[in-house]
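# Inside the fold
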Amino acid sequence: MEPLKEARNRVEGSSSSDNSNGRTSGGGKRSPTNCLIKPPVKKNTIPIDLKLHNDIRAVERAWFAHQVAEKRRLIKQYKMERERQQKLEEQEEIKRLRKELIPKAQLMPYFDRPFVPRRSEKQPIVPREPKFCIPRHKTIRCCRMSCNDMSGPSQLQHLPSSVEKTEALYKNRGLQ
């Protein structure tokens, strides 16, 4: 870029000196120095940096991971500080209790009157027999009989058999 500026300055300087004499070189035609000036050259195109979503996401994720690590570090530091404070408080409490509490000796037992156990004044517990029968409210409702009622064979005779039931049905329908 700098050689172009120098060339322009030379051309402008020579044309102004020619004009100062009142002449133009070549009868109004361009001077050979004017022909040396090249048209301005286009600047090289600079590629635009692409911003991919993956790159943006990676930066955000790194920032997030840093924040999480920082938060965990602070939580760990807070826990350690709290444990240290708790230890100090416990030690202070132990020191205070040692100063305040007066050790007292246990009373000496009386050996001249030895301990003799006495019989209890409460009545002893009387054991009860277990109940092996089924209560009435827990019996099967279709039979309407409990195990206590079915103690003998006489009870079984009163129950109708399946043959008697079918005969009764035929009689009622008149099919016989």
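Residues numbered from 1 in each chain as written. Predicted model: local features only at pLDDT ≥ 70, side-chain atom pairs only at ≥ 80, totals over all residues. Heavy atoms only, no water.

### Considering the overall build of the protein
Worth spelling out the cut-off: Per the convention used, a helix needs a DSSP run of H or I reaching at least four residues, while a strand needs a run of E reaching at least two, with both numbered from the N terminus. Each residue gets one of three labels from its accessible area relative to the maximum for its type: buried under 20%, exposed over 50%, partly exposed in between, using a 1.4 Å probe on protein chains only.
For the protein, the count of helices and strands is five helices and zero strands. Taken from N to C terminus, the helices and strands of the protein fall in the order α-α-α-α-α. Expressed as a percentage of the 176 residues in the protein, the buried residues total 3%.

### A word on the pattern of salt bridges
Rules: The salt bridge definition used is simple: a Lys or Arg side-chain nitrogen within 4 Å of an Asp or Glu carboxyl oxygen.
Under the definition given, this model contains four salt bridges. A salt bridge links arginine 73 to glutamate 70; its shortest N-O distance comes to 2.5 Å. With arginine 73 and glutamate 70 both in helix H3 (residues 53-100) and three residues apart, this pair spans about one turn of that helix. The structure contains a network of salt bridges with shared partners spanning Glu93, Arg96 and Glu100.

### Details of the confidence of the model for the protein
Selection criterion: The pLDDT score gives, residue by residue, the confidence of the prediction method on a 0 to 100 scale. Note on definitions: a residue-residue contact is assigned when non-hydrogen atoms from the two residues lie within 4.5 Å.
Per-chain confidence: the protein averages 76 in pLDDT, with 65% of residues scoring 70 or above. Low pLDDT, under 50, characterises residues 16-26; the stretch is placed with four contacts to residues that sit more than four places away or in other chains.

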